[in-house]
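Fold and contact review
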Amino acid sequence: MAEQEEGENPAGIDETNKLEIPTRRVKNIMKLDRDISKVNAEALFLVSSSTQLFLQFLAEKSAHAAVEKKRKTITLEHIRLAAKRHRPTADFLLDSLPVPTEQNHSGDRAKSRPDKKPVPFATRSIDAFFQKTT
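Residues numbered from 1 in each chain as written. Predicted model: local features only at pLDDT ≥ 70, side-chain atom pairs only at ≥ 80, totals over all residues. Heavy atoms only, no water.

Focus on the packing of helix H2 (residues 41-68) against helix H3 (residues 76-85)
Just so we agree on the cut-off: Under this scheme, a helix contributes an axis fitted over its contacting stretch, all axes are lines through C-alpha atoms, and angles between N-to-C directions fall in the 0 to 180 degree range. Numbering goes from the N terminus for both helices and strands, where a helix is a DSSP run of H or I of at least four residues and a strand is a run of E of at least two. What sets the label is the angle itself: under 35 degrees gives roughly parallel, over 145 gives roughly antiparallel, 65 to 115 gives roughly perpendicular, and the rest give oblique. Less than a right angle of anticlockwise turn of the near helix away from the far helix marks a crossing as left-handed, whereas a clockwise turn marks it as right-handed. Here, residues are in contact when the closest pair of their heavy atoms is within 4.5 Å. All amino acids are sorted into three groups, where Ala, Val, Leu, Ile, Met, Phe, Trp, Tyr, Cys and Pro are nonpolar, Asp, Glu, Lys and Arg are charged, and the leftover types, Gly among them, are polar.
Where H2 meets H3, the axes come as close as 8 Å, and the angle between the chain directions of the two elements is 115°. Viewed along their axes, H2 and H3 adopt a mutual orientation that is roughly perpendicular. Remark: the crossing between H2 and H3 carries right-handed chirality. For the pair H2 and H3, the contacting residues are Leu58, Lys61, Ser62, His64, Ala65, Ala66 and Glu68 in the first and His78, Ile79, Leu81, Ala82 and Arg85 in the second. Its residues placed into classes, the contact of H2 with H3 shows six nonpolar, three polar and three charged.

Rendered as structure tokens:
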């Protein structure tokens, strides 16, 4: 048997080829297309690798946008900002991202019932159930 080099793991897989996203899920997503019945191992690896690189890129740019706004948590606003700044990403991703809504900063969410849609007819509201009747 040939001796293994010091930098390789026992399976013979190079560490740079190791993927962090589940390839089985990527394969299932690829098979959602009706035109695709079989997925080649090399094609699966390339699509998985490019997906992983794209997600790393988007996460880094979103984190940079969060740091610029002096935030510790990445929000949808930061992801949208990162996508807007990178033109190729903005071309296909901005239409898929939800538009951020204005948040009510009053702090009293329980009393902001009039802003919400009315409860459908013949449906008991949980608020009405717990209200004290006098």
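Once you've had a look at it, read on.
Observations concerning the pattern of salt bridges
Two side chains bearing opposite charge may form a pair once their charged atoms approach each other closely. The cut-off we apply is this: In the sections that follow, a salt bridge refers to a side-chain nitrogen of Lys or Arg positioned within 4 Å of a carboxyl oxygen of Asp or Glu. Here's how the labels work: a residue is buried when its accessible area is under 20% of the maximum for its type, exposed when over 50%, partly exposed in between, all with a 1.4 Å probe on protein chains only.
Scanning all chains against the criterion turns up three salt bridges. Between Lys69 and Glu77 there is a salt bridge, with its nearest N and O atoms 3.2 Å apart. As a salt-bridge pair, Asp91 and Arg87 come within 3.5 Å of each other at their nearest N and O atoms. A residue pair is termed a helical-turn pair when its members lie 3 or 4 positions apart in one helix, as Asp91 and Arg87 do in helix H4 (residues 87-93) at four residues. Given a relative accessible area of 48%, Asp91 falls into the partly exposed group.

A closer look at the environment of Leu44
As for its placement among the helices and strands, Leu44 is situated in helix H2. Given a relative accessible area of 14%, Leu44 falls into the buried group. Measuring from C-alpha to C-alpha, the distance between Leu44 and Thr23 comes to 7.1 Å, with 21 residues separating the pair along the chain.

Things to note about the side chain of Thr89
Relative to the helices and strands, Thr89 is located in helix H4. With residues up to four places along the chain from it excluded, the contact list for Thr89 reads Phe54, Phe57, Ala83 and Leu94.

A short note on the nonpolar core
For clarity, the threshold we go by: In these notes, a set of buried Ala, Val, Leu, Ile, Met, Phe, Trp, Tyr and Cys residues joined through side-chain atoms within 4.5 Å is what counts as a nonpolar core.
Counting seven residues, the largest nonpolar core is built from Leu58, Ala82, Ala83, Ala90, Leu93, Leu94 and Leu97. If you list the elements that add at least two residues to this core, you get H3 and H4. When near neighbours in sequence (up to four residues on either side) are disregarded, Leu94 contacts Arg80, Ala83, Lys84 and Thr89.

Some remarks on the packing of aromatic side chains
For clarity, the threshold we go by: Working definition: a ring pair exists when centres of Phe, Tyr or Trp rings (six-membered ring for Trp) sit within 6.5 Å. Plane angles under 30 degrees give stacked, over 60 give edge-to-face, the rest tilted.
Tallying each qualifying case throughout the model produces one aromatic pair. With a centroid separation of 5.8 Å and 45° between ring planes, the pair formed by Phe54 and Phe92 is classed as tilted. Separated by 38 residues along the polypeptide, Phe54 in helix H2 and Phe92 in helix H4 bring together distant segments of the chain. Of the residues examined, Phe54 reaches a relative accessible area of 25% and is grouped as partly exposed.

Structural measurements only, silent on function.
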